[in-house]
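What follows is each chain in one-letter form.
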Amino acid sequence: MTYGKIRQVATSLVLVIFFIFSPIFSQNAKAEEEEFVPGEYIMGHITDEYGWHITTINDHSISVPLPVILIDNGLTCFSSGKLHHGEKAYNGYALGFTEETSGSIVKLGGEYADYSGELEEGVVYPIDHVCKYDISITKNVCALLVSIILLCWIFLSVAKRYKDGPMKAPKGLQSLLEPLILFVRDDIAIPSIGEDKYQKFFPYLLTLFFFILVNNLMGLIPIFPGGANLTGNITVTAVLAIITFFITNISANKHYWKDIFNAPGVPWWLKIPIPLMPIVEFIGVFTKPFVLMIRLFANITAGHIIVLGFLGLIFIFGAMSPAIGYAVSPVSIFFYLFMGLLELLVAFIQAFVFTLLSAIYIGMAIEEPHHEEKNSEIVMQ
Amino acid sequence: MTLLASLISPSFGLLFWMVVGFAILVFILAKFAWPVITKSIAKREEYISSQLAEAERINRELATLEQKYAQKLEEAKNERDKVLSDARKISEKMYDDAKAKAAAETARMLEDAKKSIDFEKKKAMTDIKNEIANLSIVIAEKVLRKELSDKQKQEELIESWIKELNMN
């Protein structure tokens, strides 16, 4: 069979499966009787959760249970399956059901302090407290651990390949990654930090780049263990940005601080009597990592929201009438594919931008005074 | 509103795991993966660039060698041509010389032959003359003998010889 024939068969197969299942999806959404709420649906996918929800078939949800770990009067561990997506309580622990506590685990109070079992609708359960120190392996933590293991496996095996034959031509995974490693070195680290000093920061930049890239790509895979919105999570991007912030400011030299508090090439009346420029520059120290955090978070989350929005259209229209659901599905799928490809690009670009800006900030902080014109050049970029 | 808040509020558990996990990741990769990879790449790059430089050097050397070789070949060709032309000249000269010598020899031989022919001729002539003389003498004797059979005639003859002698 030629390639064209295989493609033809595959296309028709996909279409057949798609048309067989699309009414089920639409009916399913209807059968639940609960109205399909696009906002909740999208948010449910991009925010964190206990247990990894995969799908719901005939009102029966299929999910990967993950351990809930709470530091609440000692260590408490149990499976997220015990909570049954908020329908059950376990030893007095339940998913938050009020608006303020949603998304976290609460300890029930009063007579329900050690209650295990179904949570009835209409009953008002007293809340003793919200569990603050909750280090559960949630969906995002699970994705994080998976990505860490994946990264370690990839790079340790690649490192072994290098160790076994340093003079051999790269092969397999190694030849996929070597251009990326060289890209980080030759287009990010060296131009931003400088040939003589980049080596100290290179391991961090490489780890950062590949961590973001791998998690961005894993986020695009729709099924377990992909699909978690890890790099679109503010906590994750905040940690990365804070690390860059610390590295930048700890390794900063005298010249950098002098330029912040006494910026060169600025009229004196912007510094005395009101130190306008120093204040602006000092705020800049914090806005730089803040922007890093927001950019990655917003880009990835927005991508996920748009993709989910296009898929949600199928259910919205399917809820109106299965026929409209049919009609909308191909369009939605087309846009979903389009966005998916765009997200593939964004996954790379955002990893690149985060790493590049981190490198530029570090480069600015450790720059020696004699090339000032180069400094302004980098800021312009 | 709470949905949005949950989106932008950091969570303690993820923060904890992210800090721990990322620290472990950086530690493992920075200790076991990146140094090996970057050093190997740098080493290989150095190796490749040195090999390229070496190849370039060898190429350059080869080009000069080729040039030298071509030059040598040219020289050898010239030499060969020269030798050939010299040889031709020599052979031509030798031929000419031989020809001249042969001609001279021929001439000399002809001369010799002529000389010897002349000599033989003279000799033969002399022989013939002698023979003729002898024959004449014999004939003369015979004639004389016949003529001088009577006395008168002898006297007449002697007288004629004396006359002749006197006249001389």
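Residues numbered from 1 in each chain as written. Chains lettered and ligands numbered in written order. Predicted model: local features only at pLDDT ≥ 70, side-chain atom pairs only at ≥ 80, totals over all residues. Heavy atoms only, no water.

Considerations on the overall build of chain B
Stated formally: Working definition: helices are DSSP H or I runs of at least four residues, strands are E runs of at least two. Numbering for both runs from the N terminus. Note on method: radius of gyration uses C-alpha positions; expected globular size equals 2.2 Å times residues raised to 0.38. Residue exposure ignores everything except the shown protein chains as possible cover, and the areas themselves are Shrake-Rupley values with a 1.4 Å probe. We score Asp and Glu as negative and Lys and Arg as positive, and we do not count His or the chain ends. In plain terms, the charge of a residue is placed at NZ if it is Lys, CZ if Arg, CG if Asp and CD if Glu.
The helix and strand inventory of chain B stands at three helices and zero strands. In sequence order, the secondary structure elements of chain B are arranged as α-α-α. On C-alpha atoms alone, chain B measures out to a radius of gyration of 65 Å, which is more than a quarter above the 15 Å that the 2.2 N^0.38 rule sets for 168 residues. For chain B, the spread of C-alpha atoms along the principal axes amounts to about 205 × 25 × 25 Å. Roughly 13900 Å² of accessible area belongs to chain B as shown, and the carbon and sulfur atoms make up 63% of that amount. Side-chain charges of chain B comprise 29 positive and 28 negative groups, with the mean position of each set lying 7 Å from the other.

What about the pairing of strand 1 (residues 52–57) of chain A?
Residue and element names in this part refer to chain A. For clarity, the cut-off: Think of it this way: DSSP has to see at least two bridges between two strands before they count as a pair.
With five bridges connecting them, strand 1 and strand 2 (residues 60–64) associate as antiparallel partners. The residue of strand 2 that forms the bridge with Thr56 is Ser61. Hairpin remark: strand 1 followed by strand 2, antiparallel, with two residues in the connecting loop; positive phi at Asn58, about 50 degrees.

A word on the sheet that holds strand 7 (residues 105–108) of chain A
Residues and elements named next belong to chain A. Applied cut-off: Geometry is summarised by axes, namely lines fitted to C-alpha atoms with helices restricted to the contacting stretch, and by angles between N-to-C directions that run from 0 to 180 degrees.
Spatially, three strands are ordered 6-7-9 in an open sheet, and the strand pairing comes out antiparallel. Of all strands in the sheet, those with a lone pairing partner are strand 6 (93–95) and strand 9 (127–130), marking the two edges. On average, adjacent strands in this sheet sit at an angle of 40 degrees to one another, irrespective of strand direction. Here three bridges tie strand 7 to strand 9, and the two strands are oriented antiparallel to one another.

Concerning the interface of chain B and chain A
Quick note on the threshold: The contact definition used throughout considers only heavy atoms, calling two residues in contact when any of these lie within 4.5 Å. By convention in these notes, a salt bridge is any Lys or Arg side-chain nitrogen within 4 Å of a carboxyl oxygen on Asp or Glu. Counted as a polar contact is a pair of N or O atoms within 3.5 Å, where, for protein atoms, one must be capable of donating a hydrogen and the other of accepting one, and residues adjacent in sequence contribute only when both atoms are in side chains. Three classes are used, and their members are as follows: Ala, Val, Leu, Ile, Met, Phe, Trp, Tyr, Cys and Pro are nonpolar, Asp, Glu, Lys and Arg are charged, and the others, Gly among them, are polar.
Contacts between the two partners involve 35 residues from chain B, matched on the other side by 52 residues from chain A. Linking chain B with chain A are two salt bridges. Put simply, Arg185 of chain A and Glu45 of chain B hold a salt bridge, and the shortest N to O gap is 2.8 Å. Seen at the junction of chain B and chain A, the total is eight residue pairs in polar contact (both at pLDDT 80 or more). Of all elements in the fold, only helix 1 (2–8) and helix 2 (12–147) of chain B reach the threshold of two or more residues within the side of chain B that touches chain A. Element by element, the count of residues in the side of chain B that touches chain A is highest for helix 2 of chain B, at 27 residues. Partitioned by chemical class, the residues of the side of chain B that touches chain A number 24 nonpolar, eight polar and three charged.

Thoughts on unusual backbone geometry
Residue and element names in this part refer to chain A. Filter applied, for reference: The cut-offs for exposure are 20% and 50% of the maximum accessible area for each residue type, with area from a 1.4 Å probe on protein chains only; residues under the lower value are buried, those over the upper are exposed, and the others partly exposed.
Positive phi, normally seen in glycine, also occurs at Asn91, with a value near 50 degrees. Among the secondary structure elements, Asn91 is positioned in the loop between strand 5 (88–89) and strand 6. For Asn91, a relative accessible area of 33% gives the class partly exposed.

A word on the packing of aromatic side chains
Think of a pair of aromatic rings as described by two things: how far the centres are apart, and how the planes are tilted against each other in angle. Residue and element names in this part refer to chain A. Heads up, the condition is: Here a pair means two rings of Phe, Tyr or Trp (six-membered ring of Trp) with centres within 6.5 Å. Their orientation is stacked below 30 degrees between planes, edge-to-face above 60, and tilted elsewhere.
All told, the structure shown has 23 aromatic pairs over all chains when counted by the stated rule. Between Phe78 and Tyr93, the ring centres sit 5.9 Å apart and the planes meet at 25 degrees, which makes this aromatic pair stacked. A residue pair is termed long-range when its members are at least 10 positions apart, and Phe78 in strand 4 (residues 75–79) and Tyr93 in strand 6 qualify at 15 residues. Exposure class is identical for Phe78 and Tyr93. Each is buried. Ring centres of Phe183 and Phe348 lie 5.7 Å apart, and the angle between their planes is 35 degrees; on these two criteria the pair is classed as tilted. Here Phe183, found in helix 4 (residues 173–193), pairs with Phe348, found in helix 9 (residues 322–365); they are 165 residues apart in sequence, far enough to count as distant.

A look at the pattern of salt bridges
Scanning all chains against the criterion turns up 12 salt bridges over all chains. Lys197 of chain A is the salt-bridge partner of Glu368 of chain A, the closest N and O atoms lying 3.8 Å from each other. Separated by 171 residues along the polypeptide, Glu368 of chain A in the loop between helix 9 and helix 10 (372–380) and Lys197 of chain A in the loop between helix 4 and helix 5 (202–220) bring together distant segments of the chain. For Lys197 of chain A, a relative accessible area of 25% corresponds to the partly exposed category. For Arg108 of chain B, the salt bridge identified is with Glu105 of chain B, shortest N-O distance 3.0 Å. One end of the pair is Arg108 of chain B and the other is Glu105 of chain B, both in helix 2 and three residues apart, which spans about a single turn. One network of salt bridges, with partners in common, ties together Arg185 and Asp186 of chain A together with Glu45 of chain B.

Side note on the side chain of Glu49 of chain A
All names here are of chain A. Within the secondary structure layout, Glu49 lies in the loop between helix 2 (38–46) and strand 1. Engagement of the side chain of Glu49 in a polar contact is seen with the backbone nitrogen of His53, the distance being 3.0 Å. Residues in contact with Glu49, not counting those within four places in the same chain, are Gly44, Thr138 and Lys139.

Some details on the nonpolar core
The condition that has to hold: Residues enter a nonpolar core if they are buried and are Ala, Val, Leu, Ile, Met, Phe, Trp, Tyr or Cys, with the set joined through side-chain atoms within 4.5 Å.
The biggest cluster of nonpolar side chains holds 80 residues, and the ones touching the most others in it are Phe155, Ile181, Phe209, Phe210, Phe211 and Leu240 of chain A together with Ile37 of chain B. Elements represented by at least two residues in this core include exactly helix 2, helix 3 (139–164), helix 4, helix 5, helix 6 (234–251), helix 8 (276–320) and helix 9 of chain A together with helix 2 of chain B. In this structure Leu240 of chain A touches Tyr204, Leu208, Phe211, Ile212, Leu296 and Phe354 of chain A together with Met18 and Phe22 of chain B, once residues within four positions along its chain are discounted. Of all hydrophobic cores here, the second largest spans eight residues; its members include Tyr50, Phe78, Leu83 and Tyr93 of chain A.

Focus: helix 5 of chain A
Just so we agree on the cut-off: Residue count minus one, scaled by 1.5 Å, sets the expected span of a helix.
Here helix 5 of chain A contains 19 residues, and its C-alpha end-to-end distance of 27 Å stays within 8% of the 27 Å for a straight helix at 1.5 Å per residue. Along helix 5 of chain A, 16 of the 19 residues are buried, which leaves the element largely enclosed by surrounding structure.

Observations concerning the confidence of the model for chain A
Residues and elements named next belong to chain A. For clarity, the threshold we go by: pLDDT expresses how confident the predictor is about each individual residue, on a scale running from 0 to 100.
The share of residues in chain A with pLDDT of 70 or more is 88%, and the mean pLDDT across the chain is 83. Between the elements of chain A, mean pLDDT differs from a low of 50, seen in helix 10, to a high of 94, seen in helix 6. pLDDT under 50 marks residues 19–32. Its contacts with residues more than four places away, or in other chains, come to 13 contacts.

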